[in-house]
Amino acid sequence: MLVIITPRFSYSHNRRKLLFIAILGLLSIVYLGLEQTDPLVYALHLTPISLTLAVLYEGMLPGIATWAAFCIGGIFIMHNDPLTTLLSSVVLFASGLLCHYKLETVSQLRMSLRFFALVFIHLTIFTTISLLQGGSFEFRTLALIGAANLLSSLFINYIYFHVKHQERFQQELIMSEKYQMIGHLAASISHEIRNPLTTTRGFLQLMGKEDLDRVTLDRYRKYAFEGVDLASTIITDYLNFSKPNEEKSQLLDVQIEIDGIIPWLQPYSALSNIEIDIQHLSREKLLILGESKKLQQCLLNVMKNAIESMPDGGKLTVQTQLAQNSVHIIIRDTGAGMDKSQVKRLGKPYFTTKENGTGLGLMVVMSMIKTMDGKIMFRSKPNEGTICELHFKRVELQ
Ligand code: ADP
Ligand code: MG
């Protein structure tokens, strides 16, 4: 029972040992109360098999508990000879303990043999002492008990290894899932940090120009600082990724958020001669609930993709509008576009068509939009361009 229950309930050694003792106590009471057992079968089969299992696989504490239980049962209930019972079980206990702590767990077959050898030692000592004290055994009974012991040893080891295997398998599965998550996390962090770092680098480069006035220089410096700050925030955010923080949600004015990230895009758009057109089509304030950094990160990713799809120039249009009770952000480009199968794969980890792409940008975007209760949709045609729509629930102030 322990072998079957333990993997589900506890991987901790101490809890496992206590559970063993509890099960043993319970079964002993039930067994001794209900079952009529031949004292010889008790002494030569039940005792050595149970004691070997406990001491060989579970060690000292469960071993002592089992030893005590079977000695008490053997001597006081079965009325077996105290000296014979004690001597044989102590030798079995000691050699089993030695095997447990000194020898490594080997293959199933060799463990079965080791198991049977311990049982056999007990059997030999018990019968020898009994014979020396003038007792007698029928050869048939002894042969039967020996055969039963061998079968039990094989059976118990089979179950033990089977369950152990499952247990190890489960643990490995948990570990490999953890490693996979860490891998994903590391890849996304480096991907996200590259954006602000590239921008910062661009501004630092611009600061090197000679004929810059003081105001422009200060502006560039400010953007460069903001880039470094954003990178550091992203790291913090990703470290908190596993425990998304709902409380940090605040009211965001979509129009302000979008205007705030346009300067970030300029180093990219200027490079490929792209015109950026911002159209706020609603006169009312468009408020949504979310985290500013996350929303900006999402918009930045989508717009960067749009810009990257237009290496030979084009137009990036960003519209905000109110549609019934939701706020729509529509990002349009006149770039390379995608076919249907590509649109389907958007947001799948590692889907990228770029030489230096990571294919993680949209995966992160989609999971963030989801945490903000928003929706994201793409429409695209090859060589015509792409439209990305973001929908959020509008928050109305009373
Ligand atoms: P990455 O930009 O690193 O490739 P993303 O997850 O941001 O990863 O994008 C995945 C892929 O989706 C891109 O490689 C590109 O093929 C396609 N894609 C995304 N946005 C657009 C767009 N606006 N126009 C054309 N293709 C796009
Ligand atoms: Mg991208």
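Residues numbered from 1 in each chain as written. Chains lettered and ligands numbered in written order. Predicted model: local features only at pLDDT ≥ 70, side-chain atom pairs only at ≥ 80, totals over all residues. Heavy atoms only, no water.

K.L.:
Outline the environment of Gly361, listing residues and values.
P.N.:
Within the secondary structure layout, Gly361 lies in helix H12 (residues 361-371). Measuring from C-alpha to C-alpha, the distance between Gly361 and Arg201 comes to 20 Å, with 160 residues separating the pair along the chain. Not counting the four nearest positions on each side in its chain, Gly361 is found in contact with His191, Glu192 and Asn301. (Helix = DSSP H or I, 4+ residues; strand = E, 2+ residues; numbered from the N terminus. Contact = heavy atoms within 4.5 Å.)

K.L.:
Can you break down the side chain of Lys294 residue by residue, with the values?
P.N.:
Position of Lys294 relative to the elements: it lies in helix H10 (residues 292-308). The exposure class of Lys294 is buried, given its relative accessible area of 13%. Other than its neighbours up to four places away in sequence, Lys294 contacts Met368, Thr371 and Met372. (Buried < 20%, exposed > 50% of the residue type's maximum accessible area, 1.4 Å probe, protein only.)

K.L.:
Before we move on, can you summarise the domain arrangement of the protein chain with the specific residues and values?
P.N.:
In terms of domain boundaries, the protein chain breaks down into domain 1 (2-175), domain 2 (177-239) and domain 3 (250-393). The distance between the C-alpha centroids of domain 2 and domain 3 comes to 19 Å. With 18 residues of domain 2 at the interface, the matching set in domain 3 holds 15 residues. For the pair domain 2 and domain 3, the summed buried surface comes to about 1600 Å²; carbon and sulfur atoms form 64% of the total. (Domains from an automatic or database assignment. Buried area = accessible area lost by both parts, 1.4 Å probe.)

K.L.:
Tell me what's going on with helix H9 (residues 254-271), and back it up with residues and numbers.
P.N.:
The terminal C-alpha atoms of H9, which comprises 18 residues, lie 27 Å apart, in line with the 26 Å expected from a rise of 1.5 Å per residue. Within the span of H9, buried status applies to Val254, Gln255, Glu257, Ile258, Ile261, Ile262, Pro263, Trp264, Leu265, Tyr268 and Ser269. Asn273, located one to two residues past H9, shows a positive phi value of around 60°. (Expected span 1.5 Å × (residues − 1).)

K.L.:
Requested: an account of unusual backbone geometry, with residues and values cited.
P.N.:
Non-glycine residue His79 carries a positive phi angle of around 60°. For His79, the location among the structural elements is in the loop between helix H4 (60-77) and helix H5 (82-102).

K.L.:
I'd like a rundown of the packing of helix H3 (residues 39-58) against helix H7 (residues 139-207), residues and numbers included.
P.N.:
Contact geometry of H3 with H7 gives a least axis separation of 10 Å together with a crossing angle of 25°. Taken together, the axis directions place H3 and H7 in an arrangement best described as roughly parallel. The chirality of how H3 crosses H7 is right-handed. Counted together, Leu40, Leu44, His45, Ile49, Leu53, Tyr57 and Glu58 of H3 and Thr141, Leu142, Ile145, Ala148, Asn149, Ser152, Ser153, Ile156, Asn157, Tyr160 and Phe161 of H7 form the full contact between these two elements. Split by residue class, the contact of H3 with H7 holds eleven nonpolar, six polar and one charged. (Axes fitted to C-alpha atoms, helices over the stretch in contact; angles between N-to-C directions. Parallel < 35°, antiparallel > 145°, perpendicular 65-115°, else oblique. Left-handed = near helix turned anticlockwise from the far one by under 90°. Nonpolar A, V, L, I, M, F, W, Y, C, P; charged D, E, K, R; others polar.)

K.L.:
Lay out the sheet that holds strand S6 (residues 375-381) with the relevant residues and their values.
P.N.:
With mixed pairing, five strands are arranged side by side in an open sheet as S2-S4-S5-S7-S6. Only two strands of the sheet have a single neighbouring strand rather than two, namely strand S2 (274-280) and S6. In this sheet, adjacent strand axes meet at a mean angle of 15° when their direction is disregarded. Bridge analysis of strand S4 (residues 314-323) against strand S5 (residues 326-333) gives eight bridges, and the strand direction is antiparallel. Of the residues in S5, the one forming a bridge with Leu322 is Val327. Here H9 sits on the sheet in contact with S2, S4 and S5, set at roughly 175° to S2. (Pairing = 2+ DSSP bridges.)

K.L.:
Give a detailed account of the packing of aromatic side chains, specifying residues and quantitative values.
P.N.:
On inspection of all chains with the given rule, the structure shows six aromatic pairs. Summarising the aromatic geometry, the rings of Tyr57 and Tyr160 are spaced 3.7 Å apart at their centres and angled 15° between planes, so their arrangement reads as stacked. Here Tyr160 lies in helix H7 and Tyr57 lies in helix H3, a separation of 103 residues in the sequence. Taking relative accessible area as the criterion, Tyr57 reaches 9% and is therefore assigned buried. On the basis of relative accessible area, Tyr160 is assigned to the buried category, the value being 8%. Here Phe116 and Phe120 contribute two aromatic rings whose centre-to-centre distance is 6.0 Å and whose plane-to-plane angle is 40°, an arrangement assigned as tilted. Here the residue Phe116 and the residue Phe120 both occupy positions in helix H6 (residues 108-132), the gap between them amounting to four residues, near one helical turn. (Phe/Tyr/Trp six-rings, centres within 6.5 Å; stacked < 30°, edge-to-face > 60°.)

K.L.:
Which residues make up the nonpolar core, and what are the values?
P.N.:
Counting 39 residues, the largest nonpolar core has Leu299, Met303, Leu316, Ile329, Ile331, Leu390 and Phe392 as its most contacted members. Considering each element in turn, this core owes the most residues, eight residues, to H10. If sequence neighbours within four positions are ignored, Ile329 has contacts with Val254, Ile258, Leu299, Val318, Gln319, Cys388, Glu389, Leu390 and Phe392. (Core = buried A, V, L, I, M, F, W, Y, C linked by side-chain atoms within 4.5 Å.)

K.L.:
Describe in detail the packing of H9 against H10, supporting the description with residues and values.
P.N.:
In contact at an axis separation of 10 Å, H9 and H10 are set at 35° when each is read in the N-to-C sense. Handedness of the H9/H10 crossing: right-handed. Counting all contacts with H9, which are made through Glu257, Ile258, Ile261, Trp264, Leu265, Tyr268 and Ser269, the residues of H10 involved are Ser292, Leu295, Gln296, Leu299, Leu300, Met303, Lys304 and Ile307. Class assignment of the residues belonging to the contact of H9 with H10 gives a composition of ten nonpolar, three polar and two charged.

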